[in-house]
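A look at the structure
These are the residues of each chain, in order.
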Amino acid sequence: ARQAREDHWTHEDFLQEVLATEITSREVSAVRHRLREARFPETKTLDTFDFKAVDGVDAALVAALARGEWISKAENVILAGPIGTGKTHLAIALGVEATRQRRRVAFWRVADLVRVLVEARDTRDLTRLHRRLERMDLVVLDELGFVPFDRTAGGLLFNLVTERYEKRSILVTTNLAFSEWPKVFGGDEKLTAALLDRLADHATVITTKGKSYRL
Ligand code: ADP
Ligand code: MG
């Protein structure tokens, strides 16, 4: 207000300046809110990812995914590869980019989500949990394959994937080859095939290779 007075702004200029400032501040807090809502385990971004340090990851492809159109189209991303090759880093980084576009993201380690799904079923809270997840533009499922689950749990995860199919996006990271997925789903080949079918139908698959970055 002082600046406006001293520089003799018109009322219109003053109003425009006030509204523009308000819009910027709302955008910043919306993004901050999205970021908090996503519950990333740590902050990883694309600018700290060294594409030269890992085989199989095409920088141009990742840059295209960072623009987020795949999320608008309810497509999926699968990041597969050995431990320590940057899958979680990329998953978080793509999730962070999505929140910057004001998209709603939820990050889950698969084992945690499966546990919460089972708990929700036991307490008859499954519908509410599903509705909450439905509102997310992107659900990140990190570390499929580390912890196998029984058929009930596999079925609950299957339902989630089916619900999102062609409606909302999923990003999966896994240390398993597709042929090994039934092992995680209690040996249920049929269920796994149906789940993979839906997941991979409109999906970008990135296979990371090489030694662990940590080592
Ligand atoms: P994964 O999920 O495949 O097991 P992570 O994404 O957790 O591997 O990577 C392990 C650690 O190494 C993380 O701290 C990650 O930030 C880092 N890292 C992995 N690959 C790269 C890379 N290409 N450039 C920079 N940091 C990397
Ligand atoms: Mg990981």
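A brief structural summary. (Residues numbered from 1 in each chain as written. Chains lettered and ligands numbered in written order. Predicted model: local features only at pLDDT ≥ 70, side-chain atom pairs only at ≥ 80, totals over all residues. Heavy atoms only, no water.)

This part covers the site of ligand 1. Taken together, 15 residues lie around ligand 1, and D50, G84, K87, T88 and H89 are the ones closest in. Backbone polar atom of G84 to an oxygen atom of ligand 1: 2.7 Å apart, as the coordinates give it. In the model, an oxygen atom of ligand 1 is placed 3.2 Å from a nitrogen or oxygen of the G86 main chain. Coverage of ligand 1 by the protein chains reaches 87% of its 560 Å² of free accessible surface. (Near = heavy atom within 4 Å. Polar contact = N/O pair within 3.5 Å; in protein donor to acceptor, adjacent residues only side chain to side chain. Areas by Shrake-Rupley, 256 points an atom, 1.4 Å probe, with all protein chains shown as cover.)

Moving on, we come to the pairing of strand β3 (residues 138-144). Looking along a regular strand, one sees the side chains alternate between the two faces of the sheet. Counted residue by residue, β3 has six buried out of seven residues, so it is predominantly covered. Of the pairings in the sheet, the one linking strand β2 (residues 105-109) to β3 comprises five bridges and is parallel in character. Paired with F107 across the bridge in β3 is V140. As defined by bridge partners, β3 adjoins strand β4 (residues 169-174) across five bridges and the pair is classed as parallel. Looking at β4, one finds that V139 is bridged to I170. Read as a crossover between parallel neighbours, the route from β3 over helix α8 (residues 151-164) to β4 is right-handed. (Buried < 20%, exposed > 50% of the residue type's maximum accessible area, 1.4 Å probe, protein only. Helix = DSSP H or I, 4+ residues; strand = E, 2+ residues; numbered from the N terminus. Pairing = 2+ DSSP bridges. Right-handed = clockwise from strand over helix to strand, strands pointing away.)

What follows is about a nonpolar patch on the surface. A grouping of W9, F14, L15, V18 and L19 is seen on the molecular surface, where their side chains present a nonpolar patch of about 430 Å² in accessible area. Here W9 lies in the loop between α1 (2-6) and α2 (11-38). (Patch = residues over 30% accessible without salt bridge, like charges linked within 9 Å, V, L, I, M, F, W, Y side chains within 5 Å. Salt bridge = Lys/Arg side-chain N within 4 Å of Asp/Glu carboxyl O.)

Let us look at the pattern of salt bridges. Within this structure, the stated rule accounts for 13 salt bridges. In this structure, E75 and K73 form a salt bridge, with 3.9 Å as the shortest nitrogen-oxygen distance. Linking E180 and K183 is a salt bridge whose minimum nitrogen-to-oxygen distance equals 3.7 Å. Exposure remark for E180: the relative accessible area of 29% places this residue in the partly exposed category. On the basis of relative accessibility, which here comes to 58%, the residue K183 falls in the exposed class. Salt bridges here are not isolated pairs; linked through shared partners, they connect R109, D112, R115, E119 and E143.

Another aspect to go through is empty space enclosed by the protein. Over the atoms, a rolled probe matching the size of one water molecule traces out where space is still vacant. Applying the stated criterion across every chain, the model contains one cavity of 30 Å³ or more. Taken as a whole, the largest cavity encloses approximately 50 Å³ of empty space. Elements supplying a minimum of two residues to the lining of the largest cavity: β3, α8, β4 and α10 (189-201). Partitioned by chemical class, the residues of the lining of the largest cavity number ten nonpolar, no polar and no charged. (1 Å grid on protein atoms, 1.4 Å probe; cavity = no way out; pocket = protein on both sides within 12 Å on 5 of 7 lines; lining within 4 Å. Points joined across faces, edges and corners; volume = space filled by probe spheres on them. Nonpolar A, V, L, I, M, F, W, Y, C, P; charged D, E, K, R; others polar.)

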